[in-house]
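Here are the chains, one letter per residue:
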Amino acid sequence: MSNAPLFLSLAISAVSLILFVLGGFSFISLVKGCMVLRRFSRTTAFEDGAILLKSPLVPAVSVVVVANQFKPEARQFVRRLIELHFGSHEVVLVLDGVTSDDFQRWVIDFHLSPSVRGSSGALPCAEIRGIYESRDPIHLVVVNKEPGGEADALNAGVNVAGSPVIALFDPDSEFEPTILLRLIRPLLEDPEQTLAVCGVAPPPAAATLAGRIGALEWLRIWLARCAAFSGWNILLPVPGSTVLVQRRAIIHAGGFCAGPVELILDLHGTARKSGKPYRIELVPEPVSCPRAPRSLSDLRAQAARDQRDLVLAWRNRKSIAQGEDAIRWGMPGLVSVRFLRPLLETAAWIMAAAGLALGWIDLWLAGVVLIATAGLGIVLSMGAVALRELSSYHGSDPGKLALLFLTTIPESLGYRQLRNLWLIGGLFTSKRV
């Protein structure tokens, strides 16, 4: 029993040290992201939209979207995709195991008729019941298939798509009608080495406290997991992203197993295995972003969605399962931030509280835990706000910046501990697809 206080003190010290190291790596990622965004701000031009819209040299794009029932929001989402501003694009709507009643509602709403288009069969998918096209003057192809899940439906959409570039939109994102014109540029500049393009920006902060906390969270994600990972060429999509992928690259990677995150992970792996230079490019423009959270439930839903995507990508990955180092240390870094750090922070708080209650540790060691968790969280969030300002050549509202700085305190002392519990729960609730 006399060794218990010593063991607890050593355990708390070791966990705190690991948290300081993880925090240091996170700050390095934020700085790297700032540098990448500054470089992007200096070199990006936006004057060629009209030329790209009319040029016959721009490759056609097939937007693949999945629905498993008829809902007003799903119908509106498809309408928005049809109305995108682009020279040549089609929408491939995959109905995954819909009921006959729901299918008839899609038929009536979009005036569908049987199509002569077939499926290439390049990727495995469940049986296709039929392929249809709209009689209206819109480029819409509908694939009605047996149920197989999201990844299976995406494979079916790629098989039916008639364009060399596949676009994947997040149904929970906000996007501009000109988004394809922005995202197609990297593919035009280097079509051989650029396998995919990911476009995303952080959402504007909502007026609520939860909205400002969400803005801070997305600033860190945008700087580290988007901009920094892009600079190291280990980019993976985040919620709210819109992704363009070369169709040939999807087929070469074996198609989808768990959605866009897993696909991009496998693109990294297959490209590194071939030994040829390649790029997964980032377009950090405000043409696509996640919906701004306005409440605690919105924050929880977004955290759960992000955790689910990463867990499923890790479980269903093909490239790493075959021994390929898909994104070098990038995936271990994500594992540390999304899985290991929440576990360690929660354990540190529990051990510190128990140690203080039993009189086994002093206030000084409990203060170390506070600094290694909440203190580092405040530093990282304030650093993200400051680095975001340094990365841009445009001014900002001082009042909004002050509110974000003040929000870092309740974010790190309260919300952060709750979010850790959500992330830990996400490790065990995400199901294999």
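Above this text you will find the structure in question.
The sections below set out a description of the structure shown in this document. Not measured: the values here are computed from a predicted model.

Bringing the nonpolar core into the picture now. Grouped together as the largest cluster of nonpolar side chains are 66 residues, with contacts concentrated most on V245, I250, F256, I264, L267 and I280. Per-element accounting of this core gives the leading share, 11 residues, to helix α8 (residues 209–231). Leaving out residues up to four positions away in the same chain, I264 has contacts with A196, L235, L236, P237, V243, V245 and I280. Listed in part, the 38 residues of the second largest apolar core include V142, F169, L181 and L187.

The next subject is the sheet that holds strand β5 (residues 140–145). Read across the sheet, 9 strands follow the order β3-β4-β5-β2-β1-β6-β9-β8-β10 without closing on themselves; strand pairing throughout is mixed. At either end of the open sheet lies a strand with only one pairing partner, and these are β3 (112–114) and β10 (279–283). In this sheet, adjacent strand axes meet at a mean angle of 25° when their direction is disregarded. Pairing of strand β8 (residues 194–199) with β10, which is carried by 5 bridges, proceeds in the parallel orientation. Note on β10: the bridge partner recorded for V197 is E281. Contacts from helix α5 (residues 150–160) reach β1 (61–67), β2 (89–96), β4 (128–134), β5 and β6 (165–169) within the one sheet, and its direction differs from that of β1 by about 150°.

Moving on, we come to the packing of aromatic side chains. Taken as a whole and judged by the stated rule, the model has 7 aromatic pairs. Ring centres of F77 and F175 lie 6.2 Å apart, and the angle between their planes is 75°; this geometry places the pair in the edge-to-face category. Of this pair, F77 sits in helix α3 (residues 72–82) while F175 sits in strand β7 (residues 173–175), and the two are 98 residues apart along the sequence. Residue classification places F77 among the buried positions, given a relative accessible area of 8%. With relative accessibility at 8%, the residue F175 sits in the buried group. Put simply, the rings of F70, W106 and F110 pair up and form one aromatic cluster.

The next point concerns the environment of T178. Tracing the backbone through its elements, the reader meets T178 in the loop between β7 and α6 (179–183). Note: C-alpha distance between T178 and A228 (50 residues apart in sequence) is 25 Å.

Scoring rules and cut-offs
- Residues numbered from 1 in each chain as written.
- Predicted model: local features only at pLDDT ≥ 70, side-chain atom pairs only at ≥ 80, totals over all residues.
- Heavy atoms only, no water.
- Core = buried A, V, L, I, M, F, W, Y, C linked by side-chain atoms within 4.5 Å.
- Buried < 20%, exposed > 50% of the residue type's maximum accessible area, 1.4 Å probe, protein only.
- Helix = DSSP H or I, 4+ residues; strand = E, 2+ residues; numbered from the N terminus.
- Contact = heavy atoms within 4.5 Å.
- Pairing = 2+ DSSP bridges.
- Axes fitted to C-alpha atoms, helices over the stretch in contact; angles between N-to-C directions.
- Phe/Tyr/Trp six-rings, centres within 6.5 Å; stacked < 30°, edge-to-face > 60°.

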